[in-house]
Amino acid sequence: MDRPNYITPAGYAALRQEYEALFAVERPKLVDTIAWAAGNGDRSENGDYIYGRKRLREIDRRLGWLSKRMKAAKVIDPARQEDRTKVWFGATVTIADEDDNERVLTLVGDDEADAAQGRVGWNAPLVRALRGAAVGDLRRVVLPAGEREYEVIAITYPNE
């Protein structure tokens, strides 16, 4: 990876929880099902066996991806941010566009981004434009819908 995989403690815990659930619960059950299905004879027409092997490959692929992301993760607690006057990782930012439409965004790791919840990934174009901005700063960003200018209205960080 060419850039750090910043993530909040909650985001890291969610990745870890998914990894442990797949590795300790779902995968062993599936292995048991595959072993049972293999013991039933002809595997070429055995749906439990065929589906089980396919699902096992999916789980192993996901476990590999989760493992890589957790190894590359750099956990940063936004509550410990020293410079709270500027937009950095973990900030909750209120921005207004040229039409005075306000949006509230929380800057999180790419693995925990959820636009519907207002959680935007650290490497998203809008977040890259907002990095280091202070209240009152104007930032121009090129989005798929075209170029927009945003003003930073407020910046908050969680308390410890």
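Anyway, here's the lowdown on the structure attached to this text. (Residues numbered from 1 in each chain as written. Predicted model: local features only at pLDDT ≥ 70, side-chain atom pairs only at ≥ 80, totals over all residues. Heavy atoms only, no water.)

1. Overview of the nonpolar core
The criterion, for reference: What makes a nonpolar core is a set of buried Ala, Val, Leu, Ile, Met, Phe, Trp, Tyr and Cys residues whose side-chain atoms join them at distances within 4.5 Å. The classification of residues rests on relative accessible area computed with a 1.4 Å probe and restricted to protein chains. Under 20% of the type maximum is buried, over 50% is exposed, and intermediate values are partly exposed. Only DSSP runs of H or I covering at least 4 residues are called helices, and only runs of E covering at least 2 are called strands; the numbering of each starts at the N terminus. Working rule for contacts: check all heavy atoms of both residues, and any pair within 4.5 Å makes them a contact.
Judged by nonpolar contacts, the single largest core of 19 residues is most densely connected at Val87, Val93, Ile95, Leu126, Leu130 and Val152. For this core, the secondary-structure elements that each account for two or more residues are β3 (92–96), β4 (102–108), α3 (125–130) and β7 (146–156). With four residues, the top contributor of residues to this core is α3. When residues no more than four places from it in sequence are discounted, the contact partners of Leu130 are Val87, Ile95, Leu105, Arg139 and Val152.

2. Concerning helix α2 (residues 47–72)
Definition in use: Expected helix span is taken as 1.5 Å per residue step, with the number of steps being one fewer than the number of residues. For this analysis, a polar contact is any N or O atom pair within 3.5 Å, provided that within protein one partner can donate a hydrogen and the other can accept it, and provided that sequence-adjacent residues contribute only side-chain to side-chain pairs.
Between its first and last C-alpha, α2 extends 38 Å over 26 residues, near the 38 Å set by a 1.5 Å rise per residue. Those residues of α2 lying buried are Tyr49, Gly52, Leu56, Ile59, Leu63, Leu66, Arg69 and Met70. Looking at the buried residues of α2, the elements they touch are β1 (5–7), α1 (9–38) and β2 (73–75). For α2, the capping residue at the N-terminal end is Asn46, with a side-chain oxygen 3.2 Å from the backbone nitrogen of Asp48.

3. Examining the environment of Val120
Mapped onto the elements, Val120 comes out in strand β5 (residues 119–121). What makes Val120 buried here is its relative accessible area of 14%. Remark: the alpha-carbon pair of Val120 and Asp77, spanning 43 residues in sequence, is separated by 16 Å. Excluding anything up to four places from it in sequence, Val120 contacts Leu105, Thr106, Leu107, Val108, Ala113 and Val127.

4. A look at the sheet that holds β7
Applicable threshold: A pair of strands is treated as paired once DSSP finds two or more bridges between them. Only the stretch in contact is used when fitting a helix axis, every axis being a line fitted to C-alpha atoms; angles between N-to-C directions are given from 0 to 180 degrees.
Strand order in the open sheet formed by five strands is β5-β4-β3-β7-β6, with mixed pairing between adjacent strands. Taken across any chain shown, the strands that pair with only one partner, and hence form the sheet edges, are β5 and β6 (138–143). Strand after strand, the sheet turns through a mean of 45° between neighbouring axes, direction not considered. The sheet contact formed by β4 and β5 spans three bridges and is parallel. Note on β5: the bridge partner recorded for Leu107 is Val120.

5. Some details on the packing of aromatic side chains
How we decide: Any Phe, Tyr or Trp ring, taking Trp's six-membered ring, that has another such ring centre within 6.5 Å forms a pair; planes under 30 degrees apart are called stacked, those over 60 apart edge-to-face, and the others tilted. The criterion is that NZ of a Lys, or CZ of an Arg, lies within 6 Å of the ring centre and within 35 degrees of the ring normal, and then a charge sits over that ring.
Counted according to the given criterion, the structure contains four aromatic pairs. A centroid spacing of 5.9 Å and a plane angle of 45° characterise the contact between Tyr6 and Phe89, whose relative ring orientation is tilted. Pair noted here: Tyr6 is in strand β1 and Phe89 is in the loop between β2 and β3, with a separation of 83 residues, a long-range link. A relative accessible area of 4% places Phe89 in the buried class. Ring geometry for Tyr19 and Phe23: centres 5.9 Å apart, planes at 10°, overall stacked. Remark: Phe23 and Tyr19 occur in helix α1; sequence separation between them is four residues, near one turn of the helix. Three or more aromatic residues joined by ring pairs form one cluster here, namely Tyr6, Phe89 and Trp122. Sitting over the face of the ring of Trp122, Arg131 holds its NZ or CZ atom 4.2 Å from the ring centroid.

6. Regarding the packing of α1 against α2
Packed helices, taken two at a time, are described by the angle between their axes plus the distance between the axes. Note the cut-off: Every angle not falling under 35 degrees, over 145, or within 65 to 115 is termed oblique; those three ranges are roughly parallel, roughly antiparallel and roughly perpendicular. In this scheme the handedness of a crossing depends on how the near helix is turned from the far one: anticlockwise by less than a right angle means left-handed, clockwise means right-handed. Each residue gets one label: Ala, Val, Leu, Ile, Met, Phe, Trp, Tyr, Cys and Pro are nonpolar, Asp, Glu, Lys and Arg are charged, and the others, such as Gly, are polar.
Taken N-terminus to C-terminus, the directions of α1 and α2 make an angle of 155°; their axes are 9 Å apart at the nearest point. For the element pair α1 / α2, the angle class is roughly antiparallel. In this structure, α1 meets α2 at a crossing whose hand is left-handed. A per-class count over the contact of α1 with α2 returns 17 nonpolar, two polar and 10 charged.

7. What about α1?
The test is simple: Here the bend at a residue means the angle between the axes of two seven-residue stretches, the one that ends at it and the one that starts at it.
With 30 residues, α1 should reach 44 Å at 1.5 Å per residue; the first-to-last C-alpha distance of 42 Å fits that figure. When the local axis directions of α1 are compared, the greatest deviation, roughly 35°, occurs at Leu22. If you follow the buried residues of α1, they end up packed against β1 and α2.

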